[in-house]
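# Structural characterization, general
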Amino acid sequence: MPYQFECSGDHCQFMIRSSSSDEVERLVRAHVRMTHNGRITKADIEREMDRVELA
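The following paragraphs examine the structure supplied in this document. (Residues numbered from 1 in each chain as written. Predicted model: local features only at pLDDT ≥ 70, side-chain atom pairs only at ≥ 80, totals over all residues. Heavy atoms only, no water.)

### Focus on the overall build of the chain
The test is simple: Only DSSP runs of H or I with at least four residues qualify as helices, and only runs of E with at least two residues qualify as strands; both kinds are numbered from the N terminus onward. Every radius of gyration here is taken over C-alpha atoms, with the globule rule written as 2.2 Å times N^0.38, N being the number of residues. Three labels apply to residues, based on accessible area from a 1.4 Å probe with only protein chains included: buried if under 20% of the type maximum, exposed if over 50%, partly exposed otherwise in between. Any two residues having at least one pair of non-hydrogen atoms within 4.5 Å are treated as being in contact. For the accessible areas, the method is Shrake-Rupley and the probe is 1.4 Å, while residue cover comes only from the protein chains on display. The charge count treats Lys and Arg as positive and Asp and Glu as negative. His and the chain ends do not count. Working definition for charges: the position is that of NZ of Lys, CZ of Arg, CG of Asp or CD of Glu.
If you tally the helices and strands in the chain, you get two helices and three strands. Mapped in sequence order, the helices and strands of the chain form the string β-β-α-α-β. Here the C-alpha atoms of the chain give a radius of gyration of 11 Å, agreeing with the 10 Å that 2.2 N^0.38 yields for 55 residues. Along the first, second and third principal axes, the C-alpha set of the chain runs to 35 × 20 × 15 Å. Residue burial in the chain is summarised as follows: out of 55 residues, 31% are buried. Restricting to contacts in the chain with at least 6 residues of sequence separation, those with at least 24 account for 38%. Working note: accessible area of the chain is about 4,300 Å², and carbon and sulfur atoms make up 44% of it. Taken as two groups, the 8 positive and 10 negative side-chain charges of the chain have centres that lie 6 Å from each other.

### Considering the state of the cysteines
Under the convention used in this document: Two cysteine sulfurs form a disulfide in these notes if their separation is within 2.5 Å.
Here the structure, examined in full by the defined rule, presents zero disulfides. Summary of cysteine pairing: C12 is not part of a disulfide, and the nearest cysteine sulfur, belonging to C7, is at 3.6 Å.

### Let's talk about helix α1 (residues 21–35)
In plain terms, the rule: Helix span, expected: 1.5 Å multiplied by one less than the number of residues in the helix. The directions from the helix axis to the C-beta atoms form the arc being described.
With 15 residues, α1 extends 21 Å from end C-alpha to end C-alpha; this agrees with the ideal 21 Å at 1.5 Å per step. Taken residue by residue, α1 has V24, E25, V28, H31 and V32 as its buried positions. Buried residues of α1, viewed axially, fall in a sector of 130°; they line one side. Opposite the buried face of α1, by more than 90 degrees, sit the exposed residues D22, R26 and M34. Elements that come into contact with the buried residues of α1 comprise β1 (3–6), β2 (15–18) and α2 (42–48). Immediately downstream of α1, the backbone of N37 shows phi near 50°, a positive value.

See below:
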């Protein structure tokens, strides 16, 4: 089942979808570090990550 994450930052359009939750976590952490000069906890990532059902 694919996982999806959308950045909630102001005017940010970053979104990722992957079948691997580990890959989503890794790329979200890189995005937050590089784009927003910050850090995000695993709990915050999991809270914002959605499972996407394919049609």
